[in-house]
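Listed here are the chains, written in short residue letters.
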Amino acid sequence: MTRTGCSERWAGVDVPFLPLPLQVCFIGRSNVGKSSLIRALFSLAPEVEVRVSKTPGHTKKMNFFKVGKYFTLVDMPGYGYHAPQDFVEMVEAYLQERRNLKRTFLLVDGVVGLQKTDNIAVEMLEEFGIPYVMVLTKIDRASRGVLLKNVLEIQEFVKENTQGCFPQLFLVSSVEFSGVHLLRCFVAHVTGNLPTVEAS
Ligand code: GDP
């Protein structure tokens, strides 16, 4: 196969090269607030249908949400308690094939902070060299002291143990919508959908 600007050559025939839709992926422990955050992110875009399981913390399959023609959001099953048995195989298979994955968002519960089970995701992302961002959820539920402790612990962890993690941590509450707009803009930015404003 040879690839030119707009086509690929397969067995002597030119086949048009179609760009793959970009993807972002959301991953986290079961019950971390992933479905609630995805719903909050798209609350202003009701045409994006975000299915949320009736029992919290029970998402077992990968879900793909197409956001218009702009990008696809991949919702991974939760890990830890209630994780599907084939979690590692399923996620690894996806991450190995991820040619069009622009960024992964690793959700950490703001009340309990980084847990041992979060290493499942951190190790996979580091091993496959996937760029990722940590997002602290449910910040409305954590006291300021707990939040500060968890933020500092994560910052230290990121500095000491990671290569592919973005140094800026995002803090969100899907109940109070704090931090949601900034995260929405960041998702738009990494998928090339944030129009740049010329400085005057
Ligand atoms: P998932 O398993 O990661 O998809 O988690 P869910 O989105 O189903 O949320 C798990 C539980 O946490 C539910 O009872 C939610 O109502 C609650 N929850 C999720 N996000 C927030 C948040 O930002 N603040 C608060 N106070 N509760 C939240």
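See the structure shown above.
Let me begin by describing the structure that accompanies this report. Remember, it's a predicted structure, so these values are computed and weren't measured experimentally.

1. Some thoughts on the nonpolar core
- Counting 31 residues, the largest nonpolar core has Ile 27, Met 76, Tyr 94, Leu 95, Leu 106 and Met 134 as its most contacted members.
- Taken together, the elements giving at least two residues each to this core come down to β4 (23–28), α2 (87–96), β7 (101–109), α3 (118–127), β8 (132–137) and α4 (144–161).
- In terms of residue count, the dominant contributor to this core is α4 (5 residues).
- In this view, Ile 27 contacts Lys 34, Met 76, Tyr 79, Phe 87, Val 91, Thr 104, Phe 105, Leu 106, Leu 107 and Ala 121; residues no more than four positions away in its chain are not counted.
- In terms of nonpolar packing, the next biggest core, distinct from the first, is built from 23 residues, Phe 26, Phe 42, Phe 71 and Val 190 among them.

2. Comments concerning the pattern of salt bridges
- In total, this model carries 3 salt bridges according to the counting rule given.
- We note a salt bridge from Lys 34 to Asp 75, for which the minimum N-O separation is 2.5 Å. Of this pair, Lys 34 sits in helix α1 (residues 34–41) while Asp 75 sits in strand β6 (residues 71–75), and the two are 41 residues apart along the sequence. Accessibility assignment for this pair places Lys 34 and Asp 75 in one class, buried.

3. Notes on the site of the ligand
- Near the ligand lie 14 residues; those nearest to it are Lys 34, Ser 35, Ser 36, Asp 140 and Ser 174.
- Contacts to the ligand include Asn 31, whose backbone N or O atom sits 2.9 Å from an oxygen atom.
- Between the ligand and Lys 138 there is a distance of 3.3 Å, counted from an oxygen atom to a side-chain nitrogen or oxygen.
- Protein contact buries 82% of the 570 Å² of open area that the ligand shows by itself.

4. Focus on the packing of α1 against helix α5 (residues 180–190)
- In the contact formed by α1 and α5, the axes pass within 10 Å of each other and the chain directions differ by 80°. Here α1 is positioned roughly perpendicular relative to α5, judged by the angle of their axes. For the pair α1 and α5, contact is made by Leu 37, Ala 40 and Leu 41 and by Val 180, Leu 183 and Arg 184, respectively.
- Looking at the contact of α1 with α5 residue by residue, the class counts come to 5 nonpolar, no polar and 1 charged.

5. Some thoughts on the packing of aromatic side chains
- Tallying each qualifying case throughout the model produces 5 aromatic pairs.
- Where Phe 105 meets Phe 186, the ring centres are 6.1 Å apart and the plane angle is 85°; that geometry is what we call edge-to-face. Taken together, the residues Phe 105 in strand β7 and Phe 186 in helix α5 connect sequence positions 81 residues apart.
- Residue classification places Phe 105 among the buried positions, given a relative accessible area of 0%.
- Assessed through its relative accessible area of 11%, Phe 186 is described here as buried.
- Members of the aromatic cluster, joined through ring pairs, are Phe 26, Phe 105, Phe 166, Phe 170 and Phe 186.

6. Section: the sheet that holds β7
- Taken in spatial order, the 6 strands make up an open sheet running β5-β6-β4-β7-β8-β9, and their pairing is mixed. The outermost strands of the open sheet, each flanked by one partner alone, are β5 (63–67) and β9 (170–171).
- On top of the sheet, α2 reaches β4, β5, β6 and β7; it is set at about 155° to β4, its chief contact.

7. Overview of the pairing of β8
- With respect to burial, β8 is a largely interior element, 6 of its 6 residues being buried.
- Where burial is concerned, the two faces of β8 agree: the one with Tyr 132, Met 134 and Leu 136 and the one with Val 133, Val 135 and Thr 137 are both buried.
- Where β7 meets β8, 6 bridges bridge the pair, whose relative direction is parallel. Its bridge partner being in β8, Phe 105 is matched across the sheet by Val 133.
- Read as a crossover between parallel neighbours, the route from β7 over α3 to β8 is right-handed.

8. Quick look at the environment of Asp 118
- Here Asp 118 shows up in helix α3.
- For the pair Asp 118 and Val 108, spaced 10 residues apart in sequence, the C-alpha to C-alpha distance is 7.8 Å.
- Those residues in contact with Asp 118 that sit more than four places away from it in its chain are Arg 29, Tyr 79, Leu 107, Val 108 and Gly 113.

Scoring rules and cut-offs
Residues numbered from 1 in each chain as written. Predicted model: local features only at pLDDT ≥ 70, side-chain atom pairs only at ≥ 80, totals over all residues. Heavy atoms only, no water. Core = buried A, V, L, I, M, F, W, Y, C linked by side-chain atoms within 4.5 Å. Buried < 20%, exposed > 50% of the residue type's maximum accessible area, 1.4 Å probe, protein only. Helix = DSSP H or I, 4+ residues; strand = E, 2+ residues; numbered from the N terminus. Contact = heavy atoms within 4.5 Å. Salt bridge = Lys/Arg side-chain N within 4 Å of Asp/Glu carboxyl O. Near = heavy atom within 4 Å. Polar contact = N/O pair within 3.5 Å; in protein donor to acceptor, adjacent residues only side chain to side chain. Areas by Shrake-Rupley, 256 points an atom, 1.4 Å probe, with all protein chains shown as cover. Axes fitted to C-alpha atoms, helices over the stretch in contact; angles between N-to-C directions. Parallel < 35°, antiparallel > 145°, perpendicular 65-115°, else oblique. Nonpolar A, V, L, I, M, F, W, Y, C, P; charged D, E, K, R; others polar. Phe/Tyr/Trp six-rings, centres within 6.5 Å; stacked < 30°, edge-to-face > 60°. Pairing = 2+ DSSP bridges. Right-handed = clockwise from strand over helix to strand, strands pointing away.

Honestly, that's just the spatial picture; any functional story needs more than this.
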